[in-house]
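Inside the fold
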Amino acid sequence: MLQQISDEGQKLPQAERRNFLKNGLLLAGSAMAGGTIGGKVSAADENLPPNVPAWTRSLGQGVLTNPYGKPSRFESNIKRRAVPWLTADRFASISFTPLAELDGIITPSSLVFERYHGGIPDIDPDDHRLMIHGKVDRPIILTVDDLRRFPSTSMIRFLECPANGGMEWRAAQMDALQFTHGMLSCCEWTGVLLSTILQEVGLQKDAAWVLAEGADGAHMSRSIPLEKALDDALVVYAQNGEPLRPEQGYPIRLFNPGWEGNTSVKWLRRLEVGDKAWYHREETSKYTDLLADGRARKFSFLQECNSVVTFPCPEKPLRDKGRYEVEGLAWSGSGKIKRVDVSFDGGVNWRAAKLKGLILPKALTRFGLEWDWDGSPAMIQSRAVDETGYVQPTFTQLRAARGMSSIYHRNAIHTWRLQADGKVSNVQIS
Ligand SMILES: Nc1nc2c(c(=O)[nH]1)N[C@H]1C(S)=C(S)[C@@H](COP(=O)(O)O)O[C@H]1N2
Ligand SMILES: [Mo]
């Protein structure tokens, strides 16, 4: 039986809470000399207490300085990044979400990882159509405006490429959280349930699968079982409250919550209803999982329960001994996250983390755990359990089940090695 997560061990007496700022307060004694709590020691002493900063003594920029807002210029390090050796060119490539730099559970649209097989098409929505045909009573061609006349729904859900972490299947090799886990995002998606549209066109008796095809040069296509199409599949036109970005499928995409990212076909132009799967390229030569005995798993749609510590991580080392809140993200394509445990000794001992903020099905869930770092090296891991009782596997368990030839669905417990100097690196220990 799994234990419920309690608040025990989370509530700290007031006296102890000060430990978070211990180092900061020591520095504060030298604040006149430019010390700060956690911030950089600045050369611009005249802007620090007790002085009044320059920007407090003058007018700022006016309205409409940025009609479509953008981040502070001091945050230019927060960006999508690519790994040049991973792909041959920019048109069939991938960029990664900077998970180490994000808080909460929502990925800003500008930072959502990108995956294209044939580049980003530049689509005028007035020239775009969604054709629905095959085993339906009333085939139709919809404009984007037609689609917006249907009742809409919104949901906060993660989207993950099954290749997330795939470079780590045989051994640790990526040197940043952005690259070990950054084929992952979580947004509020708005659109029309595919079930609503299919009801409108009328399904024929032997309807069993739906082929979704994109309007990009790759005309990416995947067969979706009707059960999913009638469950929570969404034809999406908005993301985080604004129109879908071109990178994410503007003007419309399919979105299959909790399933392999590649099934969420972008720039959606065609839905064909059939009585069997199509066995197109992306479900035969790609997106199948070669097992040790030479057979392959096919239609491995589900993105299983997974988690990772986002602080500390290679991009966010520790600076001093003392108290920290270790943080991370957990998610499961099967539903809600029920529990996350964190280990500091490579999986020998585990402590229950606290689930923070919203705990939604098939969404990123943030966890935190207060921890005193005494300066010793540590092996930091997180292990998530979802509401079905599924426990995130170790590498040993995953490899025993799937062999060594896979790329996709690497959801094994991840290890960060913390060194005595506070630096963090990517290792595999079990
Ligand atoms: N039409 C089309 N849809 C597509 C793709 C594509 O290349 N073309 N890539 C797929 C893959 S492999 C993934 S992981 C997701 C990525 O979605 P994102 O770029 O919005 O993060 O889109 C999927 N949908
Ligand atoms: Mo993908």
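Above this note sits the structure.
A count of helical and extended segments in the chain gives seven helices and 23 strands. Buried residues in the chain amount to 49% of all 430 residues. Taking contacts inside the chain between residues at least 6 apart in sequence as the whole, the part at least 24 apart equals 71%. Just so you have it, the chain exposes about 20800 Å², and 53% of that area is on carbon and sulfur atoms.

What follows concerns a negative patch on the surface. Taken together, Asp122, Asp124, Asp126, Asp127 and Asp145 make up a surface patch of like negative charges. One can find Asp126 in the loop between strand E2 (114-115) and strand E3 (130-134).

With that settled, consider the site of ligand 1. Around ligand 1, the surrounding shell holds 21 residues, and the nearest of these are Phe113, His117, Asp216, Arg253 and Lys266. Within the contact set of ligand 1, an oxygen atom lies 3.1 Å away from a side-chain nitrogen or oxygen of Gln248. In the model, an oxygen atom of ligand 1 is placed 2.5 Å from a nitrogen or oxygen of the Lys266 side chain. One can see that ligand 1 is located within the largest cavity. Within the shell around ligand 1, the residues separate by chemical class into nine nonpolar, six polar and six charged.

The subject of this paragraph is unusual backbone geometry. Following Pro49, the chain continues to Pro50 via a peptide bond in cis, the omega torsion being 10°. Note that Pro50 resides in the loop between helix H2 (22-28) and strand E1 (94-95). A cis geometry characterises the amide bond from Tyr250 onward to Pro251, with omega recorded as 5°. Note on placement: Pro251 falls in the loop between strand E10 (242-243) and strand E11 (253-255). A positive phi is found at Trp267, a non-glycine position, where the angle reads about 50°. Tracing the backbone through its elements, the reader meets Trp267 in the loop between E11 and strand E12 (268-274).

This next bit is on helix H5 (residues 194-201). Every buried residue of H5 is accounted for by Leu194, Ser195, Ile197, Leu198 and Val201. One side of H5 holds all its buried residues, which, seen down the axis, span an arc of 160°. Taken from the residues just after H5, Gly202 is the one with a positive phi, measuring 75°.

On to the sheet that holds strand E22 (residues 415-418), then. Strands sit in the order E18-E17-E21-E22-E23 across an open sheet of five strands; the sheet is antiparallel. This sheet does not close on itself; its edge strands, each paired only once, are strand E18 (351-352) and strand E23 (424-427). In this sheet, E22 lies alongside strand E21 (residues 378-386) in antiparallel orientation, the contact comprising four bridges. By the bridge assignment, Gln381 is partnered in E22 with Thr415.

In this section: the nonpolar core. Ranked by size, the top nonpolar core spans 55 residues in total, and within it Val235 and Leu268 carry the most contacts. At five residues, the largest contribution of residues to this core is made by strand E9 (residues 234-239). For Val235, the contacting residues outside a window of four places in its chain are Leu130, Leu147, Gly191, Val192, Leu194, Ile197, Ile252, Arg253, Leu254 and Leu268. Listed in part, the 36 residues of the second largest apolar core include Leu177, Leu184, Val342 and Ala384.

Both the distance between ring centres and the angle between the ring planes are used here to describe each pair of aromatic rings. Under the definition given, this model contains ten aromatic pairs. Between Tyr287 and Tyr408 the ring centres are 5.1 Å apart and the planes differ by 35°, which places this aromatic pair in the tilted class. In this pair, Tyr287 is assigned in the loop between E12 and strand E13 (289-290) and Tyr408 in the loop between helix H7 (395-402) and E22, connecting sequence segments 121 residues apart. Taken individually, Tyr287 and Tyr408 each receive the classification buried, so the pair is uniform in this respect. Centre to centre, the rings of Phe311 and Tyr324 are 6.0 Å apart; their planes meet at 50°, and the pair counts as tilted. Taken together, the residues Phe311 in strand E15 (residues 306-311) and Tyr324 in strand E16 (residues 322-331) connect sequence positions 13 residues apart. Members of the aromatic cluster, each reached through a chain of ring pairs, are Trp209, Trp259, Tyr279, Phe299 and Phe301. One cation-aromatic arrangement involves Arg90 over Phe91; the distance from NZ or CZ to the ring centre is 5.9 Å. In this arrangement the basic side chain of Arg383 is found over the ring face of Trp350, its NZ or CZ atom lying 4.2 Å from the centre.

Okay, the sheet that holds strand E8 (residues 221-225) next. Across the sheet, which stays open at both edges, the five strands sit in the order E4-E3-E12-E7-E8 with mixed pairing between neighbours. One side of each edge strand has no neighbouring strand; the edge strands of this open sheet are strand E4 (140-142) and E8. Averaged over all neighbouring strand pairs, the angle between strand axes comes to 20°, with direction disregarded.

Before going further, it helps to spend a moment on the side chain of His181. Tracing the chain through its elements places His181 in helix H4 (residues 177-181). Judged by relative accessible area, which is 1%, His181 ranks as buried. Within the structure, His181 has its side chain in polar contact with the side chain of Thr180 (distance 2.8 Å). A polar contact is formed between the side chain of His181 and the side chain of Arg410, at a distance of 3.3 Å.

Attention shifts here to the pairing of E3. Look at any regular strand and the pattern is simple: side chains alternate between the two faces of the sheet. Note: E3 against E4, three bridges, orientation antiparallel. Bridge pairing links Ile132 to Ile140 in E4. The hairpin turn running from E3 into E4, its antiparallel successor, is five residues long. Pairing geometry for E3 and E12, over four bridges, is parallel.

About the thresholds
Residues numbered from 1 in each chain as written. Chains lettered and ligands numbered in written order. Predicted model: local features only at pLDDT ≥ 70, side-chain atom pairs only at ≥ 80, totals over all residues. Heavy atoms only, no water. Helix = DSSP H or I, 4+ residues; strand = E, 2+ residues; numbered from the N terminus. Buried < 20%, exposed > 50% of the residue type's maximum accessible area, 1.4 Å probe, protein only. Contact = heavy atoms within 4.5 Å. Areas by Shrake-Rupley, 256 points an atom, 1.4 Å probe, with all protein chains shown as cover. Patch = residues over 30% accessible without salt bridge, like charges linked within 9 Å, V, L, I, M, F, W, Y side chains within 5 Å. Salt bridge = Lys/Arg side-chain N within 4 Å of Asp/Glu carboxyl O. Lys, Arg positive; Asp, Glu negative; His and termini not counted. Charge placed at Lys NZ, Arg CZ, Asp CG, Glu CD. Near = heavy atom within 4 Å. Polar contact = N/O pair within 3.5 Å; in protein donor to acceptor, adjacent residues only side chain to side chain. 1 Å grid on protein atoms, 1.4 Å probe; cavity = no way out; pocket = protein on both sides within 12 Å on 5 of 7 lines; lining within 4 Å. Sits in = over half its atoms within 2 Å of the grid points. Nonpolar A, V, L, I, M, F, W, Y, C, P; charged D, E, K, R; others polar. Arc of directions from axis to C-beta. Pairing = 2+ DSSP bridges. Core = buried A, V, L, I, M, F, W, Y, C linked by side-chain atoms within 4.5 Å. Phe/Tyr/Trp six-rings, centres within 6.5 Å; stacked < 30°, edge-to-face > 60°. Lys NZ or Arg CZ within 6 Å of the ring centre and 35° of its normal. Axes fitted to C-alpha atoms, helices over the stretch in contact; angles between N-to-C directions.

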